[in-house]
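# A structural walkthrough
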Amino acid sequence: MWAGRELGVFDTWDACAKQTSGFAGAKFKAFPTEAAARAAFMDGDAAHVDYSKGKAAADRPGAASAPRAAARPADYPAGPALCVDAACDTTRWVMECRGVWLGDGSSVGGGGDGEEAFTFGPFQDANGNLGEFLALATALRRAAEAGAAWTVYCDSITAMAWVRKRVIRSVFLNDDRAGAEVRGRVEDALAWLKANRSPARVVKWDTPRWGEIPADYGRK
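Everything quoted here is computed from the prediction, not taken from an experiment. (Residues numbered from 1 in each chain as written. Predicted model: local features only at pLDDT ≥ 70, side-chain atom pairs only at ≥ 80, totals over all residues. Heavy atoms only, no water.)

In terms of helices and strands, the protein chain carries seven helices and seven strands. Counting from the amino terminus, the protein chain carries its helices and strands in the arrangement α-α-β-β-β-β-β-α-β-α-α-α-β-α. Buried residues in the protein chain amount to 45% of all 220 residues. Pairs at least 24 apart in sequence give 63% of the contacts found in the protein chain among residues at least 6 apart. (Helix = DSSP H or I, 4+ residues; strand = E, 2+ residues; numbered from the N terminus. Buried < 20%, exposed > 50% of the residue type's maximum accessible area, 1.4 Å probe, protein only. Contact = heavy atoms within 4.5 Å.)

Written as structure tokens, this is what we have:
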């Protein structure tokens, strides 16, 4: 697995599928032995995947077939929709967040599939919940500014509750642990939510069924 949620050599296709399902741009290939797979991993994908012909070397005549990406469930969202997520390094409490388009959002004033709609950070002294809230609030604000009834997917129950109640319950804010920049952005987002309504529809992303949300940073 050269590009996926986790990189390295996996023993089974099921283990590989967990890293590729719903992951845009995954790069992987099957090999007959573990030793061959580890050597190929060190070589890099370009040495084993023929991008000019749009197929892996294993797809050429006389070679073993590469595993195919796991099929998405029938109810996997087609879009257009905006997905939001955040990532936080809890060893240093550094956070970043973003919104990514699912499907072709150009028809609703957005971008192409997999394209970032916005990105913030990294912020010092912040946690993932603040990032998820900031990303979700930003998506709602962008929808209101565009006058568009976008669907916005979020995998954070906490962030969705904070947005719905217009109340943030975070020790980072209450204990004055949040950095000045992220505090300012979060407080501005909260003030906007209290004074405005967005036409966007917020929907919980079903991670167990659909895999990681498209805005995921792939660092788990």
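Looking at the element boundaries, T138 is found in helix α3 (residues 128-146). A relative accessible area of 11% places T138 in the buried class. Residue contacts for T138: discarding those within four places in its chain leaves F118 and F120.

Another point: the pattern of salt bridges. By the definition in use, this model includes seven salt bridges. Between R141 and E145 there is a salt bridge whose closest N-O contact spans 3.8 Å. Separated by four residues within a single helix, R141 and E145 lie in helix α3, roughly one turn from each other. Across the pair R141 and D188 runs a salt bridge whose closest N-O atoms are separated by 2.8 Å. Placement of the pair is R141 in helix α3 and D188 in helix α6 (residues 180-195), with a sequence separation of 47 residues. Accessibility expressed as a relative area gives 27% for R141, which makes it partly exposed. Assessed through its relative accessible area of 42%, D188 is described here as partly exposed. (Salt bridge = Lys/Arg side-chain N within 4 Å of Asp/Glu carboxyl O.)

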